[in-house]
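# Structural overview for review
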Amino acid sequence: MASSIATILNDSRVTPRQITLNGKTYYYLLGVPTGGPRATIILIHGWPDISIGWRNQIPMLLDMGYQIICPDLMGFGGTVFLLWNLGGFDELELSNGQDAPKVPPESMALYSFKRAADDIVELARRLKVQRFILGGHDWGGAIVYRIALWYPETVTHLFAICSPYTPPSKEYVPMETIVKSGRLPNFGYQLHLASGQVEENIKSREQIKMFLNSLYGGIGPNGERGFYVREGVRFDELPILKPTRLVDEATLDYYADQYKKNGMHGTLNCYRNREVSDVQSSLSRFCTMRAVSIHRTAPERNADSRKYSQHNFNDELELDRKNIDIPVLFIQATKDEALPPAMSEGMEKYIPNLTRNIVQLRHTITHSQNTQDAIWNNRYLCISPLSLSQSLSPSHPVPETQLTLRPTASAELHSAFTTFLTTPTSFALLITISSERLTPLSTLSSTPISSSTDFYTSLPLLHPHLTPTTPLYILLRRHPSSSPPELVAVTYVPDTAPVRQKMLFASTRLTLVRELGKEKFRGNADGEGKGGKQPLTAEEEVLKGVKEAEEREGRGGTGERRLVAGSGVKLRIEVDVMQRLQGLKEGEGANLVMLRIDVATEIIELAGTGSTDAAGLANEISDSEPRYSFFRYSDGEGEGQIIFVYTCPSGSKIKERMMYATSKLMFLKAVENETGLTVAKRLEASNPSEITAATIEEEFRPKQEQKQAFSRPKRPGKR
């Protein structure tokens, strides 16, 4: 039996569909979450993937409430292979199929980024989605950046996996120059894939399957891999490779079936449609360092254009924008040989609202089960940016009260809470988060509580409801004799709970207490009682221990640390902040780490990283927001020393100024304690432009004492 989407994905919420866009027929997967979507995400695959390459992410995103649209790109899978039988999942029953466009006689423009952008935006329009979130991997990542440039009004957020962004270029750079310059030899495989040799040697279904097996990590008995980024495919090694562990047999069979329909030609046109923008900045920098010319004579350019197309380059000459202003999440795989981390340096210059997530995985990250934590172990889709009112499909409106960044208390919870307060036998109210709303789960009853002893004897009622994977809010009744009864709110977040749940529960606790009424709970989130600190009873000592354990659990679960700063402000530090500073201390990666404080959430988070020298430091630091910046300075001797730079532009808000100023010293202490990083010099300035190379050099220049030569005192004059 042939493999199908039904056997691979096994999710009834996902259906295969067809649609004609700009004269060509596209195949796509449509996933609709239960209860209607909160927003729409369009996922764009790379090479050699097809739409089912997102099989590990689609169910997770549906669970989070997002509608998913996932097309096969031009020349891949089912796109342009017409007349599928869509009466369910039996998509291998074909009638009068049409091959993907061949070049020639078709134009290479069919495979350009501009054409992909036009078709994807048209697909969204036809499905009545006005604004959407974009996600892409590999070539799909390059495409989503370009959609955001060509159609900025349609995209609310964007995430790219492995694919760095560089802006459109006005100068064409041939791929041969990129590789032969010696600075990006890892692009050698692109020359081989564009040469036509792969189509000549990979034709049968079995050959295609062996080829895909090598791309997804199949290894030979002596370490043979079959595919190498510096040279391309070694056809003689493909038959000896063992089956990959990354992609199961059924999925690999499905891929081979899809590729057999149209062959390899269409999928490889992305390497013939020269995308020079993604390497332009890197190449220019490398060529400057090596004095390698990137210009070619007219005959050379003409010869290259006969073999390859410059449609992407020519299309982008019309673009008048380089910056992407929407929130962007970039997931960098540190073990990616094709797109190494160094290629992503400097993205912050063009993407001011950039979030980076660094993961210890390879280029095939989307096929790894670890990808879920890799992508969503941050606040990208949870706390910060979703503008749901702008990205929802008009056909699925959501009430205004639901357009919020954090879950809110449902009407059912308010009703259950009122009953809980007025029923003396109610001991605990269990609360969960469902469809972005705080909802009651169950109420536990006991004999009326009149003393601490009754409270302790009732605690075992909670045990059957506490599992290792399910977070809960628990409201406990303490002293019903008081009016109104005093309550305590406990957040139960186990280590093994899903990352998304950990983040939601950690970020919503204060919302829960605030919406139900802070005055009904004894003590605040820090465990201090009304009227200041008072002697604790034995019962209160137990509850204090519960709260402390809860806070430790929360810190471990959400990936944040709490920092107590001055003036009563309590800030949390994202865990990747410390990881980046640890790398800075050890001389790994970028030599500049910039941090910002999210005033609304009181979280110190990563604002960006970069690699620069002292002269270029000011250009990297924001001149519109305050920043804490750590810069590894080297004068050419030794390993370099760390400089802490605090900048606070004159236009900053008063609350920002106060929070940055009062938190600075305590934050530096926390960094020193956590990472062992020692700050050699501290600089402060109103504007980054005040921090110059001369300023920094002056700080490290030894102070020379001006010694005056000894002068003999004058002889006394005559009397």
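Up top is the structure these notes are about.
The model shown is predicted, which means the values in this text are computed figures rather than measured ones. (Residues numbered from 1 in each chain as written. Predicted model: local features only at pLDDT ≥ 70, side-chain atom pairs only at ≥ 80, totals over all residues. Heavy atoms only, no water.)

This part is about the nonpolar core. If you look at the biggest cluster of nonpolar residues, it comprises 113 residues, and the most contacted ones within it are Trp47 and Tyr145. The element contributing the most residues to this core is helix 4 (residues 139-150), with nine residues. Once you skip the residues sitting within four places of it in the chain, Trp47 turns out to touch Phe76, Asp138, Trp139, Leu193, Phe211, Leu215, Tyr259, Thr267, Leu268, Cys270 and Tyr271. Ile573, Val599, Ile604 and Phe644 belong to the second-largest nonpolar core, a separate cluster that totals 25 residues. (Core = buried A, V, L, I, M, F, W, Y, C linked by side-chain atoms within 4.5 Å. Buried < 20%, exposed > 50% of the residue type's maximum accessible area, 1.4 Å probe, protein only. Helix = DSSP H or I, 4+ residues; strand = E, 2+ residues; numbered from the N terminus. Contact = heavy atoms within 4.5 Å.)

For any pair of aromatic rings, geometry is given as the distance between the ring centres together with the angle between the planes. In the structure shown here, the tally under the stated rule is 19 aromatic pairs. When the ring of Trp47 is compared with that of Phe211, the centres are 6.1 Å apart and the planes differ by 55°; the resulting orientation is tilted. Here the residue Trp47 occupies a position in the loop between strand 3 (39-44) and helix 2 (58-63), and Phe211 occupies one in helix 8 (residues 205-215), the gap between them amounting to 164 residues. Each member of the pair Trp47 and Phe211 is classed as buried. Ring geometry for Tyr216 and Tyr255: centres 5.8 Å apart, planes at 85°, overall edge-to-face. You can see Tyr216 sitting in the loop between helix 8 and strand 7 (227-228) and its partner Tyr255 sitting in helix 9 (residues 249-262), a full 39 residues away along the chain. (Phe/Tyr/Trp six-rings, centres within 6.5 Å; stacked < 30°, edge-to-face > 60°.)

The next subject is the pattern of salt bridges. Within this structure, the stated rule accounts for 18 salt bridges. In this structure, Glu337 engages Arg225 in a salt bridge whose closest nitrogen and oxygen atoms are separated by 3.4 Å. Here Arg225 lies in the loop between helix 8 and strand 7 and Glu337 lies in the loop between strand 9 (328-333) and strand 10 (354-359), a separation of 112 residues in the sequence. Given the relative accessible area of 37%, Glu337 is considered partly exposed. (Salt bridge = Lys/Arg side-chain N within 4 Å of Asp/Glu carboxyl O.)

Okay, the sheet that holds strand 6 (residues 155-161) next. Spatially, the eight strands line up as an open sheet ordered 1-2-4-3-5-6-9-10, and their pairing is mixed. Both outer strands of the open sheet, strand 1 (14-21) and strand 10, are each paired with one neighbouring strand and no more. Here the strands of the sheet are splayed against their neighbours by 20° on average, with no regard to which way each runs. The pairing of strand 1 with strand 2 (residues 24-31) spans eight bridges and is antiparallel. Its bridge partner being in strand 2, Pro16 is matched across the sheet by Leu29. In the packing of helix 3 (residues 113-126) onto the sheet, the strands contacted are strand 1, strand 2, strand 3, strand 4 (66-71) and strand 5 (132-137), and the crossing angle to strand 1 comes to about 115°. (Pairing = 2+ DSSP bridges. Axes fitted to C-alpha atoms, helices over the stretch in contact; angles between N-to-C directions.)

This brings us to the environment of Gly583. Considering the arrangement of structural elements, one finds Gly583 in helix 20 (residues 575-585). For the pair Gly583 and Thr675, spaced 92 residues apart in sequence, the C-alpha to C-alpha distance is 9.2 Å. Setting aside its immediate chain neighbours within four residues, Gly583 contacts Glu588 and Arg632.

Turning our attention to the pairing of strand 9. Across the six residues that make up strand 9, a large majority, six, are buried. Taking every second residue as pointing to the same face, both faces of strand 9 are buried, with Val328, Phe330 and Gln332 on one and Leu329, Ile331 and Ala333 on the other. Across four bridges, strand 6 lies against strand 9 in parallel orientation. Along strand 9, the bridge assignment pairs Leu158 with Val328. Where strand 9 lies against strand 10, six bridges are found, and the strand directions are parallel. The residue of strand 10 that forms the bridge with Leu329 is Thr355.

Next up on the list: the packing of helix 3 against helix 4. Two elements in contact, helix 3 and helix 4, have axes separated by 9 Å at closest approach and are oriented at 70°. The angle between the axes of helix 3 and helix 4 places the two elements in the roughly perpendicular class. For the pair formed by helix 3 and helix 4, the contact residues are Phe113, Lys114, Ala116, Ala117, Ile120 and Val121 on the first element and Trp139, Ala142, Ile143, Arg146, Ile147 and Trp150 on the second. Grouping the constituent residues of the contact of helix 3 with helix 4 by class yields ten nonpolar, no polar and two charged. (Parallel < 35°, antiparallel > 145°, perpendicular 65-115°, else oblique. Nonpolar A, V, L, I, M, F, W, Y, C, P; charged D, E, K, R; others polar.)

For Ala614, the position within the fold is in the loop between strand 19 (603-610) and helix 21 (617-620). With 21 residues separating them in the primary sequence, Ala614 and Asp635 have C-alpha atoms 9.2 Å apart. Not counting the four nearest positions on each side in its chain, Ala614 is found in contact with Phe631, Tyr633, Thr692, Ala693 and Ile696.

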